[in-house]
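# Architecture and fold: a report
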Amino acid sequence: MKRKKIDKDEIPSMLTLAEGTYEVPEQEGDKPVRCTGVAYSGGSFRQWWSALPCYVDLAGMKLAEQVCLMLNHDYDPECRLGVIEAKNDGKTLTIDGEFDTGNPLAQNIIRAGKKFNWQLSIGAENVKVERVDDGTVETINGNTVNGPALVVRESVLREVSIVAIVADAKTSMEIKASLMAPEPDEQVVQAVAQTEPV
């Protein structure tokens, strides 16, 4: 098996992977709006910095002490929509958590999710990336991978973002929450409209 370590200067320090499904169950009374979903299915994806298919080896992924639910990988504090618990079973990365229903952007996401589907994208720090050479076959996250490919062997999950466009067009997020939130003011609507995915 041929593996070649990739120089850290060749790739960005953060990986943003747009893939996954997301559901927000019904809100019950005054309980917070909970959310669950698949943030990474374990398969291949594309990144702007690589012409090769990429994989995140979940066996080498660590979870940050606190994993935030963000909007479009925007690290502005106002774009923090809540906190989640990420679960890594070695084949998929799933989340379970809750929205901050006091955040106007979270209210807009929940409200808009009743009209159309959202999707998930992971934000992870790249620690070690290797190239799988042409002709080499490996098993990553339970999937057979034929080189050439890039594999993020070690990473740290920092956040999961809700996004409109992802690498895997088959994924979606369904919101079923019945949040009775006040209508957002014009500044909040403009902030959501101007936020672009990274």
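Everything below is about the structure printed above this text.
Residues numbered from 1 in each chain as written. Predicted model: local features only at pLDDT ≥ 70, side-chain atom pairs only at ≥ 80, totals over all residues. Heavy atoms only, no water.

Turning next to the overall build of the protein. A tally of helices and strands in the protein yields two helices and 14 strands. Counting only residues that meet the buried cut, the protein has 48% of its 198 residues in that class. In the protein, once contacts between residues fewer than 6 apart in sequence are set aside, the share between residues at least 24 apart is 73%. If you sum the accessible surface of the protein, you get close to 10300 Å²; carbon and sulfur atoms cover 48% of it. (Helix = DSSP H or I, 4+ residues; strand = E, 2+ residues; numbered from the N terminus. Buried < 20%, exposed > 50% of the residue type's maximum accessible area, 1.4 Å probe, protein only. Contact = heavy atoms within 4.5 Å. Areas by Shrake-Rupley, 256 points an atom, 1.4 Å probe, with all protein chains shown as cover.)

One finds Leu 81, Leu 93, Phe 99, Ile 122 and Val 160 to be the most contacted residues of the largest nonpolar core, which totals 44 residues. Contributing elements (two or more residues each) for this core: strand 4 (34–40), strand 6 (50–56), strand 7 (61–71), strand 8 (80–88), strand 9 (93–99), helix 1 (104–113), strand 10 (119–132) and strand 13 (149–163). For this core, the leading source of residues is strand 13, giving seven residues. (Core = buried A, V, L, I, M, F, W, Y, C linked by side-chain atoms within 4.5 Å.)

In terms of residue burial, helix 1 counts as a mostly covered element, since eight of its 10 residues are buried. Every buried residue of helix 1 is accounted for by Leu 105, Ala 106, Gln 107, Asn 108, Ile 109, Ile 110, Ala 112 and Gly 113.

As a further point, take the packing of aromatic side chains. The full count for this structure, using the stated rule, is one aromatic pair. Geometrically, the ring pair formed by Tyr 40 and Phe 45 is edge-to-face, given 6.0 Å between the ring centres and 85° between the ring planes. With a relative accessible area of 0%, Tyr 40 lands in the buried category. Overall, Phe 45 belongs to the buried group, its relative accessible area being 3%. (Phe/Tyr/Trp six-rings, centres within 6.5 Å; stacked < 30°, edge-to-face > 60°.)

What follows covers unusual backbone geometry. Across the junction of Gly 147 and Pro 148, the peptide omega takes the value 10°, indicating a cis bond. When you line up the elements, Pro 148 lands in the loop between strand 12 (143–146) and strand 13. We note that His 73 has phi near 60°; this positive angle belongs to a residue other than glycine. Mapped onto the fold, His 73 is located in the loop between strand 7 and strand 8. Exposure remark for His 73: the relative accessible area of 6% places this residue in the buried category.

With that settled, consider the pairing of strand 11 (residues 137–140). Burial of the side chains of strand 11 is restricted to one face: Glu 138 and Ile 140 are buried, whereas none of Val 137 and Thr 139 on the reverse face is. Counting the residues between successive antiparallel strands, the hairpin from strand 11 to strand 12 contains two residues, one of them, Asn 141, with a positive phi of roughly 55°. (Pairing = 2+ DSSP bridges.)

Here the focus is the environment of Asp 89. Locating Asp 89 in the fold gives a position in the loop between strand 8 and strand 9. In this structure the side chain of Asp 89 is engaged in a polar contact, spanning 2.8 Å, whose partner is the backbone nitrogen of Lys 91. Here the side chain of Asp 89 touches Thr 92 through a polar contact of 2.8 Å, landing on its backbone nitrogen. (Polar contact = N/O pair within 3.5 Å; in protein donor to acceptor, adjacent residues only side chain to side chain.)

This part is about the pattern of salt bridges. Overall, the coordinates contain eight salt bridges when judged by the stated rule. The closest approach of N and O atoms between Arg 153 and Asp 57, which form a salt bridge, is 3.5 Å. Of this pair, Arg 153 sits in strand 13 while Asp 57 sits in the loop between strand 6 and strand 7; the two residues are 96 residues apart in sequence, bridging distant segments of the chain. We note a salt bridge from Glu 125 to Arg 158, for which the minimum N-O separation is 2.6 Å. With Glu 125 in strand 10 and Arg 158 in strand 13, this pair connects stretches of sequence that are 33 residues apart. A relative accessible area of 26% means that Glu 125 is categorised as partly exposed. The network of salt bridges with shared partners includes Asp 57, Lys 128, Glu 130, Glu 138 and Arg 153. (Salt bridge = Lys/Arg side-chain N within 4 Å of Asp/Glu carboxyl O.)

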